[in-house]
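Architecture and fold: a report
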Amino acid sequence: MTGSGSTGPDWLAVCRASVDDVRRVLDELPTRAEREPVVAQGLGGDDTTAVDKAAEDAIVARFRDLEDVSILSEEVGRIGEGSTVVVIDPIDGSLNAKRGIPFFSVSIAVAAGDRMGDVHFGYVYDFGSGEEWVARSGEGATLNGQPLSMRPKDTIEILSFEATLTSLVARDAPKVAALAYRLRIMGSLALSLCHLAAGRLDAVCSLKPARSVDIAAAQLLVREQGLAIDLPEAPPFDAAPLDVEGRSRVVAAGTPELCAQLFAALSA
């Protein structure tokens, strides 16, 4: 497989084709009235809206016929028994997508097994900016084909909260006031982690347990940049199962020490 030293699909090409699939869905469902009706409940417990379902159906159809592939997706869970696991979040930041806010992504990770440490290819595409984020294990991370070069600051100038109910922000924002100078709440955990990898943010945390489908692709960009990411309530990170359950809040920053400081503050 691409990036792992063996033959197999051109994962980048397949992911780019998946972006086209989702873009067609967005064109077919252009308004909030068409995108946000709830049509089911996903295996992760969240409501499945019309745009979520249509985007997932399109991407699953793209990957389903690949040889020796099993699919893990946000709404339908696990499909197939192949040894290569493709982890899909068809629309990360779906509330933004439903409301027409241009900050949401498709997130696709390819793994040689069932754990986070098995991920060897990560792809995130931002439908608002058109930015394409790619990571290959041992080969680094790129933005629009160019290697990432900037690092987050050693102190937290900008912290991104994700998975944010108003009540959670009200509870946790005061806890980090002495640690982080400014706060951003952007609405896509995958994209926030990509921005961390590019040095645009200095730290990211989810205020409720994160699922592997949300982070599997973007965490590889973070790690390929030599940055730190942790699931402190369900360690170790590499052993985290690729599934649709949320077991731990995620924290990410430039160093493990800064991650530990951030989680300690949030847990106080």
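Remember, it's a predicted structure, so these values are computed and weren't measured experimentally.

**Notes on the nonpolar core**
Formed by 43 residues in total, the largest nonpolar core has its most connected members in Trp-133, Leu-193 and Leu-242. Where this core is concerned, the elements lending two or more residues are β5 (84-92), β6 (105-111), β7 (119-126), β8 (132-136), β9 (140-143), α6 (189-197), α7 (212-215) and α8 (218-224). Tallying contributions element by element places α6 first for this core, with seven residues. Not counting chain neighbours up to four residues away, the residues in contact with Leu-242 comprise Leu-72, Val-85, Val-87, Ala-111, Gly-113, Asp-114, Arg-115, Met-116, Val-119, Ser-212 and Ala-216. Ranked by size, the runner-up nonpolar core spans 30 residues in total, among them Trp-11, Val-19, Val-106 and Ile-108.

**With respect to helix α9 (residues 256-267)**
Compared with an ideal rise of 1.5 Å per residue, which puts twelve residues at 16 Å, α9 spans 16 Å between its outermost C-alpha atoms and is within 8% of the ideal. Among all positions of α9, only Leu-258, Cys-259, Leu-262, Phe-263, Ala-265 and Leu-266 are buried. An end-on view of α9 places all buried positions within 160° of arc, on one side of the element. Exposed residues pointing more than 90 degrees away from the buried face of α9 are listed as Pro-256 and Glu-257. The elements touched by buried residues of α9 are β11 (156-162), α5 (166-172), β13 (203-206), β15 (228-230) and β17 (251-253).

About the thresholds
- Residues numbered from 1 in each chain as written.
- Predicted model: local features only at pLDDT ≥ 70, side-chain atom pairs only at ≥ 80, totals over all residues.
- Heavy atoms only, no water.
- Core = buried A, V, L, I, M, F, W, Y, C linked by side-chain atoms within 4.5 Å.
- Buried < 20%, exposed > 50% of the residue type's maximum accessible area, 1.4 Å probe, protein only.
- Helix = DSSP H or I, 4+ residues; strand = E, 2+ residues; numbered from the N terminus.
- Contact = heavy atoms within 4.5 Å.
- Expected span 1.5 Å × (residues − 1).
- Arc of directions from axis to C-beta.

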